[in-house]
Amino acid sequence: MSSPQHAVAGLLQRSERFLDAVIQPIVFLGMAALIGVITLQIVSRVFFTAVSWTEEVARFLLIWITFLGATLAFQRGRHIAITFIVDALPLRLAQLARIAAVAVALCFMLALVVIGYRYMQVQSFQRSASLRLSMTYVYAVIPVSAAIMAWYALIDIVELIIKGPHAGTTGSGTAEEPPP
């Protein structure tokens, strides 16, 4: 691999690590907040008067945790994949099949960015029932997470091209060299 290719691969891996370092604590804090809100909801319903906003906050946290967690799963190559056909191909064809599969995922994510953004705009006039929060903030996670996954897919494609037919399974940052 030439020096410019090393530089590009290093830059892309650093961007992945940065995004991971930002998203992972957000998901963790979201889970902690979700546990806290649900606990408050249960305790308030059993012992006191129900706190009206807890159900809404729990729902919104779950939406954000799900989408941001999906980006982490995508980055780690943990989404469902059927690979037995690709694994049976010669190395060069397997590389091309992996590039094609990731390119399809990239196209889907880019479409989801556009569709999610439009949906976010359509729902921008709507406010949540309890908190009176603009639903733009709730639906913003769709284009944001799709854009992050599109970035990860682009990195996967570049890594598959740079590493050649010896690149392992896709999932940004998880491409591994075959055992010696």
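Because the structure is predicted, anything quoted here is derived from the model rather than measured.

Caption draft 1: Here's a closer look at the overall build of the protein chain. The helix and strand inventory of the protein chain stands at six helices and zero strands. Starting at the N terminus, the α and β elements of the protein chain follow one another as α-α-α-α-α-α. On C-alpha atoms alone, the protein chain measures out to a radius of gyration of 20 Å, which is more than a quarter above the 16 Å that the 2.2 N^0.38 rule sets for 180 residues. Viewed in the frame of its principal axes, the protein chain has a C-alpha envelope of about 65 × 35 × 35 Å. Per-residue burial over the protein chain gives 37% buried out of 180 residues. Across the protein chain, every contact between residues at least 6 apart in sequence was considered, and the portion connecting residues at least 24 apart equals 69%. About 10800 Å² of surface is accessible on the protein chain, with carbon and sulfur atoms providing 72% of the total. The average position of the 12 basic charges and that of the 9 acidic charges among the side chains of the protein chain differ by 7 Å.

Caption draft 2: Examining unusual backbone geometry more closely. Positive phi outside glycine occurs at Arg 132, with the angle close to 60°. On the accessibility criterion, Arg 132 (52% relative accessible area) is exposed.

Caption draft 3: Region of the structure containing the environment of Phe 28. Examined against the element boundaries, Phe 28 turns out to sit in helix H1 (residues 3-47). Along the sequence, Phe 28 and Val 141 sit 113 residues apart, while their C-alpha atoms lie 16 Å from each other.

Caption draft 4: Broad picture of the packing of helix H2 (residues 54-75) against helix H6 (residues 141-163). Relative to each other, H2 and H6 sit at 0°, their axes nearing to 9 Å. Compared by their axis directions, H2 and H6 come out roughly parallel. Seen from H2, the contacting residues are Ile 63, Trp 64, Phe 67, Leu 68, Ala 70, Thr 71, Phe 74 and Gln 75; seen from H6, they are Val 141, Ile 142, Ser 145, Ile 148, Met 149, Tyr 152, Ala 153 and Asp 156. Of the residues belonging to the contact of H2 with H6, the class tally is 12 nonpolar, three polar and one charged.

Caption draft 5: Summary view of a nonpolar patch on the surface. A grouping of Ile 38, Ile 42, Val 43, Val 46, Phe 47 and Phe 48 is seen on the molecular surface, where their side chains present a nonpolar patch of about 620 Å² in accessible area. Residue position: Phe 48 is located in the loop between H1 and H2. Assessed through its relative accessible area of 62%, Phe 48 is described here as exposed.

Caption draft 6: Fine view of the nonpolar core. Residues Ile 23, Val 27 and Leu 61 are the most contacted members of the largest nonpolar core, which totals 32 residues. Sorting the residues of this core by element identifies H1, H2, helix H4 (91-122), helix H5 (135-139) and H6 as the ones contributing at least two each. When residues in this core are grouped by element, the largest group, 10 residues, is from H6. Ile 23 has contacts with Leu 68, Thr 71, Leu 72, Ile 148 and Tyr 152, leaving out every residue within four places of it along the chain.

How each quantity is defined
- Residues numbered from 1 in each chain as written.
- Predicted model: local features only at pLDDT ≥ 70, side-chain atom pairs only at ≥ 80, totals over all residues.
- Heavy atoms only, no water.
- Helix = DSSP H or I, 4+ residues; strand = E, 2+ residues; numbered from the N terminus.
- Rg over C-alpha atoms; globule rule 2.2 N^0.38 Å.
- Buried < 20%, exposed > 50% of the residue type's maximum accessible area, 1.4 Å probe, protein only.
- Contact = heavy atoms within 4.5 Å.
- Areas by Shrake-Rupley, 256 points an atom, 1.4 Å probe, with all protein chains shown as cover.
- Lys, Arg positive; Asp, Glu negative; His and termini not counted.
- Charge placed at Lys NZ, Arg CZ, Asp CG, Glu CD.
- Axes fitted to C-alpha atoms, helices over the stretch in contact; angles between N-to-C directions.
- Parallel < 35°, antiparallel > 145°, perpendicular 65-115°, else oblique.
- Nonpolar A, V, L, I, M, F, W, Y, C, P; charged D, E, K, R; others polar.
- Patch = residues over 30% accessible without salt bridge, like charges linked within 9 Å, V, L, I, M, F, W, Y side chains within 5 Å.
- Salt bridge = Lys/Arg side-chain N within 4 Å of Asp/Glu carboxyl O.
- Core = buried A, V, L, I, M, F, W, Y, C linked by side-chain atoms within 4.5 Å.

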